[in-house]
Amino acid sequence: MALKVKLTKSSAGSSVDQLATIASLGLKKFGSERILQDTPTVRGLVNKVRHLVTAETVQGDAPKVTRRKPRKIRARDAARAREAQASKA
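Calculation criteria
Residues numbered from 1 in each chain as written. Predicted model: local features only at pLDDT ≥ 70, side-chain atom pairs only at ≥ 80, totals over all residues. Heavy atoms only, no water. Helix = DSSP H or I, 4+ residues; strand = E, 2+ residues; numbered from the N terminus. Buried < 20%, exposed > 50% of the residue type's maximum accessible area, 1.4 Å probe, protein only. Contact = heavy atoms within 4.5 Å. Pairing = 2+ DSSP bridges. Axes fitted to C-alpha atoms, helices over the stretch in contact; angles between N-to-C directions. Polar contact = N/O pair within 3.5 Å; in protein donor to acceptor, adjacent residues only side chain to side chain. Salt bridge = Lys/Arg side-chain N within 4 Å of Asp/Glu carboxyl O.

Caption draft 1: Broad picture of the side chain of Gln18. As for its position among the elements, Gln18 is in helix α1 (residues 16-24). Residue Gln18 is classed as buried on the basis of its relative accessible area of 18%. When neighbours within four sequence positions are excluded, Gln18 is seen to be in contact with Lys48, Val49 and His51.

Written out as structure tokens, the structure reads:
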């Protein structure tokens, strides 16, 4: 099971705590939505800003979040791979 959370009202004028909660849910702009795992922690976050978001339960699992390496590190690794290919040839 997963929760589909959508930011349905503007966060203008909200407290710092509520802005941080919206950011921790991964919602950035008005109308943005995320599919999150249905855990007590996420439900608590949604409950804290329930007047700004809508949440509905959806079937299936939330997508796994994969972390990307910083651009600088990816560029370095690609350069090393090209250098290794050039030295083999």
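Caption draft 2: Representation of the environment of Gly60 within the structure. Relative to the helices and strands, Gly60 resides in the loop between β3 (53-58) and α3 (71-88). With 16 residues separating them along the chain, Gly60 and Gly44 place their C-alpha atoms 21 Å apart. Excluding its chain neighbours within four sequence positions, the residues that come into contact with Gly60 are Met1 and Ala2.

Caption draft 3: Focus on the sheet that holds strand β2 (residues 33-37). Spatially, the three strands line up as an open sheet ordered β2-β1-β3, and their pairing is antiparallel. In the strand order of this sheet, the two ends are held by β2 and β3, each with one partner. Adjacent strand axes in the sheet meet at a mean angle of 25 degrees, parallel and antiparallel pairs treated alike. Relative to β3, strand β1 (residues 2-7) runs antiparallel, the two being bridged by six bridges. Pairing of Lys4 across the sheet is with Glu56, part of β3.

Caption draft 4: Focus on the side chain of Ser14. Within the element layout of this structure, Ser14 appears in the loop between β1 and α1. Residue classification places Ser14 among the buried positions, given a relative accessible area of 18%. Among the polar contacts made by the side chain of Ser14, one reaches the main-chain carbonyl oxygen of Ser11 at a distance of 3.0 Å. Once you skip the residues sitting within four places of it in the chain, Ser14 turns out to touch Leu19 and Leu52.

Caption draft 5: Up close: the pattern of salt bridges. Here the structure, examined in full by the defined rule, presents four salt bridges. A salt bridge links Asp77 to Arg76; its shortest N-O distance comes to 3.4 Å. When its relative accessible area of 28% is taken as the criterion, Asp77 is described as partly exposed. A single salt-bridge network, built from bridges that share partners, covers Lys69, Arg76 and Asp77.

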